[in-house]
Amino acid sequence: MSQLMYDLRVAWAVAQKDLRIGLTERFSTVLSILLPLNFLILLSLFAISGGLSPTAVVMNDSGPLAQQFYQAMAGAHSFRLQQASAAQAQALIQAGKIVAVVTIPANFDAALQANKPVVVDVQINNLNTDFTNDIRRAVPLSITSFYAKAYPRLVNVTAAEHDLLAQDTDYIPYLTVSILVVALMMGGLLPAGTATAREWENGTIKELLLSPASRWAIGAGQMLGAGLLAGIAAVITLLVLILLVGVWPLHWGEMVLFTLLTIIIFVAWGTLLGTLLKKRQAFMPLAFGTSLPLFFISGAFGPLSFLHIPFMEGLAEAFPVYYAIVLQQHAFHGFDLNTLGLALNALVLVVYAAVVLALAGLVLQRSTMSH
Amino acid sequence: MKPSLLRSLWALYRKDLAVWWGNRATIAASILPVVGFILIQSIGVAAVGRNPVALVTLDQGPAGQQMRQILYGSDVFRLTDATPDQAQALLHDLKVAAVITIPADFTQRVQAHDPAPVSVTVNNLNLDFTNDIRRAVPDAITQYYAAQGAASPIKVTLRETDLRARDVQFFEYTVLPMLVLLVMLNGLVTSAMATAREWESRTIKEVLLAPLPPELIILGKVLASFTVTFSLGLVVLGLGAALDWTRPVAGEWLPTVLIIALVSLAGTGLGVAVGAALQRIQAAIPIGLFLAIYAFFLAGGIGVLAFEPGWLQAIAVYDPLSYGVHALQMAVFYASNDQFALDVTVLSLTSLATLVLGGLAVRRQIAG
């Protein structure tokens, strides 16, 4: 019992020491605390443009059918519409401000009432196929939607939508939860890795290892110090996500639990990498360099199974970021992004945490012997 | 310049190149995010926009079968035929994003001119996927009517004209902004680290004790980082051209290379300023990374800047990377000189400003 208390005191002392050193390097400490928040802001910029194509409509006919056609375009989930004269529309498309100009001819109503063909001109700024194909698909479907409403007896085939979930979730609230996980990852990795590597770089690890304290207590102290910094960073990031972005967790308890679990894993990872690399200069680029690819492969944008690319799924499942995203999406939105279930996903993270913690301790032990 | 000064410059240049080559982790850090992104994009782009969908065809009549064929030929889904139970299982197991059901009385209803809805059950977990499905099903219905030719009740047709001679694939379109990010990021991080290292390892004292003007020291540092960054940019451009992703048409190679050089120079100058101001590698790396990535996203990232929100476009006016991306896209994809003079002027002035800033930062720290 007394040995345990002694180890706990050692761990707390090491954690305090790391926090004090952090205070002497204020710029770096503030930077690592604000790092997750920066990740949240940066990666959110991915999603701000949305999926709507800015389009000008030249209404050469203002009859009721032409107006109905305009409304059908507005409801096509594809356009950000603005009405313009022919000259204004040309100026906008030439200046690259819009993707397309749709011109409704002057005889639109008259031709339809006489059941005669009518041609709608579509000029496309074919910058890339993403936008171009959206327009190529959206204008015809606007025509069909228009007919289904204006002439329901003629165009009677329609889509009757049933949603699996009670309400739609916008892309930003969805994506920011995935980004949160990568932010937590960096928030845990960076303070742990730099603090551990600093001990080796400055040679102070010798003094620690020569002390009668157990290696496990030293390792636990290093992780505790980094974990406290990561915790502060996580609280700031979560406050911004919840209060400013407005993404409220559906299950608060899950959110707190999975946040803690993610921090533990990446603090342990940071300690492990810092001990292995022994240089901040080597550790930091590695941590930063892997964050962006990990974000993209880990199902940040939607269920990985929708991609039907087994290689990508297998790769993602090898990293804890994937499971953490699945769990946080459940905590915030109640989504199930894979078929493992909440308990099994959480168990994978717990096992991951245990293995990485053990590895970090083991590497510290071995480093001791070889030092 | 005197030959002795040239020799000194050469020595400084070689020293920084050798130190850069010795730090493989840094090289990996400045390349890995971008290369990783490009690779993942190249794999994932095939699946983007074509969601997996289960198709339940309960109608064996001609209209039902025709609708089924249209759905298969529409190229807007990745379809799997299924029974109602199988479809529900696929939806539950997240193997499909939606289930489309052609009802048993579809043909009968179509022929009777009664409403004939095609049922679509969507897993609406985010609007990105959901809106794709919402667009794609009516799209297939449109194709169903278009297939009826002159017999189609739809009398409105389209006449498409394209502003540009060729379509650019979405993946190709994303490569150029990523190239600009790579060059900016590498320039910033490489030169920031090279400069900060001199203070951190205290070798700045030795360099300063050498009988050389400070400008020469700064020039050597800038040249070394510029060489690395510019070469990397050329290698990626060459790879893009070899893979037929980003191949400038004849006559546009020179403007393309010039833009890469100017972005490299801007990144390098800014990196020297950051490194000298911070004097610590631990701070210089994240600041350099964040500066480059913020500049990239505020320039519109991989999207089209003109279609981004107004506030972002207003910021992008002051972001030199937006001019770099624009100039490269015009040169590589559209063989156009649209606003080339403006792009080059902004990038040249930025390079000059960052070099002066870098020089001033080093001189100030030396004096301090």
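These numbers were taken from a predicted model, which means no experiment stands behind them.

Enquirer: What's the story with the overall build of chain A in this structure? I'm lost.
Expert: When helices and strands are counted, chain A shows 14 helices and five strands. Rg of the C-alpha trace for chain A: 28 Å, well past the compact-globule value of 21 Å for 371 residues, more than 25% over. Along the three orthogonal principal directions, the C-alpha set of chain A runs to about 95 × 40 × 35 Å. In chain A, which comprises 371 residues, the proportion classed as buried is 51%. Look at the contacts in chain A between residues 6 or more apart in sequence, and 82% of them connect residues 24 or more apart.

Enquirer: For this particular structure, what's the right way to read the overall build of chain B?
Expert: Within chain B one finds 14 helices and five strands. Taking 21 Å as the expected radius of gyration for a compact globule of 368 residues, we find that chain B reaches 28 Å, considerably beyond that expectation. In terms of principal-axis extent, the alpha carbons of chain B reach across some 95 × 40 × 35 Å. Looking at chain B residue by residue over its 368 residues, the buried ones come to 51%.

Enquirer: Looking at this structure, I do not really get the packing of helix H1 (residues 2-24) of chain A against helix H9 (residues 215-245) of chain A. What am I missing?
Expert: Two quantities define a packed helix pair, namely the angle between the helix axes and the distance between the axes. Residue and element names in this part refer to chain A. Where H1 meets H9, the closest approach of the two axes is 7 Å, and the angle between their N-to-C directions is 45 degrees. If you check the angle between H1 and H9, you find them oblique. Regarding H1 and H9, the two cross each other, and that crossing is right-handed. Between H1, through Asp 7, Val 10, Ala 11, Trp 12, Ala 13, Val 14, Ala 15, Asp 18, Leu 19 and Gly 22, and H9, the contact on the second element is made entirely by Trp 216, Ala 217, Ile 218, Ala 220, Gly 221, Gln 222, Leu 224, Gly 225, Ala 226, Leu 228 and Leu 229. Of the residues contributing to the contact of H1 with H9, the split by class is 15 nonpolar, four polar and two charged.

Enquirer: Looking at this structure, I do not really get the sheet that holds strand S3 (residues 100-104) of chain A. What am I missing?
Expert: Within a sheet, adjacent strands bond to each other through the backbone by hydrogen bonds, running parallel or antiparallel. Within the open sheet, the five strands sit side by side as S2(A)-S1(A)-S3(A)-S4(A)-S5(B). Their pairing is mixed. Across the chains shown, the open sheet's two edge strands, defined by having one partner strand only, are strand S2 (79-83) of chain A together with strand S5 (156-162) of chain B. For this sheet the average axis-to-axis angle between neighbouring strands, irrespective of direction, equals 25 degrees. Examined bridge by bridge, strand S1 (residues 53-59) of chain A and S2(A) share five bridges and lie parallel to one another.

Enquirer: Explain helix H10 (residues 253-278) of chain B here, please?
Expert: Residues three or four positions apart in an α-helix share a direction because the helix packs 3.6 residues into each turn. Residues and elements named next belong to chain B. In this model, H10 (26 residues) spans 37 Å end to end at C-alpha, consistent with the 38 Å of a helix rising 1.5 Å per residue. Of all 26 residues in H10, 21 are buried, a share of seventy percent or more. The first or second residue beyond H10 is Gln 279, which carries a positive phi of 60 degrees.

Enquirer: Looking at this structure, how should I read unusual backbone geometry?
Expert: For residues other than glycine, phi is negative in most cases, and the peptide bonds are mostly trans. All names here are of chain B. With phi around 60 degrees, His 113 is a residue other than glycine that occupies positive phi space. Mapped onto the secondary structure, His 113 falls in the loop between helix H5 (106-111) and strand S4 (116-122). On the basis of neighbour count, His 113 is assigned to the partly exposed category, with 13 C-beta atoms found within 10 Å. Positive phi, close to 45 degrees, is recorded for Ala 335, a residue that is not glycine. Tracing the backbone shows Ala 335 in the loop between helix H13 (320-333) and helix H14 (340-367). According to the C-beta neighbour criterion, Ala 335 is partly exposed, with 16 such atoms within 10 Å.

Enquirer: Explanation requested: the domain arrangement of chain B in the structure shown.
Expert: By convention, interface size is frequently given as the accessible area that disappears when the constituent parts associate. With domains assigned, chain B is organised as domain 1 (10-43 + 166-367) and domain 2 (51-151). Centre-to-centre, using C-alpha coordinates, domain 1 of chain B lies 48 Å away from domain 2 of chain B.

Enquirer: Got a minute to help me understand the pairing of S3(A) in this structure?
Expert: Regular strands place their side chains on alternate faces of the sheet. All names here are of chain A. Across the five residues of S3, four count as buried, placing the element largely inside the fold. Across five bridges, the pairing between S1 and S3 is parallel. Note on S3: the bridge partner recorded for Thr 55 is Ala 100.

Enquirer: Honestly, the interface of chain B and chain A in this entry has me stumped. Any pointers?
Expert: Counting residues at the interface gives 85 residues for chain B, matched by 94 residues for chain A. Broken down by element, the side of chain B that touches chain A gets its largest block of residues, 14 residues, from helix H6 (residues 127-146) of chain B. Across the side of chain B that touches chain A, the residue classes break down as 49 nonpolar, 20 polar and 16 charged. Sheet topology note: the strand S5 (residues 157-163) of chain A/S4(B) ladder contains seven bridges and is parallel. Note that in S4(B) the partner of A:Asp163 across the bridge is B:Val122.

Enquirer: Looking at this structure, how should I read the domain arrangement of chain A?
Expert: As far as domains go, chain A holds domain 1 (2-47 + 168-370) and domain 2 (53-150). Each of domain 1 of chain A and domain 2 of chain A has a C-alpha centre, and the two are 49 Å apart.

Enquirer: Whenever I open this one, the environment of B:Leu352 confuses me. Can you help?
Expert: Along the chain, B:Leu352 falls in helix H14. A sequence separation of 218 residues divides B:Leu352 from B:Arg134, and the C-alpha atoms of the two residues are 50 Å apart.

Enquirer: Can you walk me through the sheet that holds strand S3 (residues 98-102) of chain B in this structure?
Expert: An order of S5(A)-S4(B)-S3(B)-S1(B)-S2(B) is seen for the five strands of this open sheet, with the pairing classed as mixed. Both edges of this open sheet fall to S5 of chain A together with strand S2 (77-81) of chain B, since each of them pairs with a single strand only. The average angle at which neighbouring strand axes cross in this sheet is 25 degrees, direction not considered. The pairing of strand S1 (residues 51-57) of chain B with S2(B) spans five bridges and is classified as parallel. Within the sheet, the bridge partner assigned to B:Pro52 lies in S2(B) and is B:Arg78. In the packing of H6(B) onto the sheet, contacts are made with S5 of chain A together with S1, S2, S3 and S4 of chain B, and the angle to S5(A) comes to roughly 160 degrees.

Enquirer: I tried to follow the confidence of the model for chain B on my own but got confused; where do I start?
Expert: Regions with low pLDDT should not have their predicted coordinates read in detail. The predicted model of chain B has a mean per-residue pLDDT of 85, with 94% of residues at 70 or higher. Both confidence scores are given for the complex: pTM 0.81, ipTM 0.79.

Enquirer: In this structure, what is going on with the nonpolar core? I would like to understand it.
Expert: When a protein is soluble and globular, its nonpolar side chains tend to lie buried together. Counting 235 residues, the largest nonpolar core has A:Val182, A:Ile265, A:Ala268, B:Ala54, B:Val180, B:Met184 and B:Ala284 as its most contacted members. No other element matches the 18 residues that helix H7 (residues 170-200) of chain B contributes to this core.

Enquirer: Whenever I open this one, the packing of helix H2 (residues 26-44) of chain A against helix H7 (residues 171-202) of chain A confuses me. Can you help?
Expert: Residue and element names in this part refer to chain A. Viewed as axis vectors pointing N to C, H2 and H7 meet at an angle of 150 degrees, and their least axial separation amounts to 8 Å. With respect to H7, the axis of H2 lies roughly antiparallel. The hand of the H2/H7 crossing is right-handed. Here Ser 32, Leu 35, Pro 36, Phe 39, Leu 40, Leu 43 and Ser 44 of H2 come into contact with H7, specifically with Ile 172, Leu 175, Thr 176, Ile 179, Leu 180, Val 182, Ala 183, Leu 184, Met 186, Gly 187, Leu 190 and Pro 191. Each residue belonging to the contact of H2 with H7 can be placed in one class, and the counts come to 15 nonpolar, four polar and no charged.

Enquirer: Just to check I follow, could you spell out helix H4 (residues 84-92) of chain B for this structure?
Expert: Residues and elements named next belong to chain B. Those residues of H4 that fall on the buried side of the exposure criterion are Ala 87, Leu 90 and Leu 91. With its buried residues spanning 100 degrees around the axis, H4 presents them on a single face. At its buried positions, H4 is contacted by S1, S2, S3 and S4. Leu 94 sits one or two residues past H4 and shows a positive phi near 60 degrees.

Parameters and conventions
- Residues numbered from 1 in each chain as written.
- Chains lettered and ligands numbered in written order.
- Predicted model: local features only at pLDDT ≥ 70, side-chain atom pairs only at ≥ 80, totals over all residues.
- Helix = DSSP H or I, 4+ residues; strand = E, 2+ residues; numbered from the N terminus.
- Rg over C-alpha atoms; globule rule 2.2 N^0.38 Å.
- Buried ≥ 20, exposed ≤ 12 C-beta atoms within 10 Å, placed from the backbone.
- Contact = placed C-beta atoms within 7 Å.
- Axes fitted to C-alpha atoms, helices over the stretch in contact; angles between N-to-C directions.
- Parallel < 35°, antiparallel > 145°, perpendicular 65-115°, else oblique.
- Left-handed = near helix turned anticlockwise from the far one by under 90°.
- Nonpolar A, V, L, I, M, F, W, Y, C, P; charged D, E, K, R; others polar.
- Pairing = 2+ DSSP bridges.
- Expected span 1.5 Å × (residues − 1).
- Domains from an automatic or database assignment.
- pLDDT = per-residue confidence, 0-100.
- Core = buried A, V, L, I, M, F, W, Y, C linked by C-beta atoms within 7 Å.
- Arc of directions from axis to C-beta.

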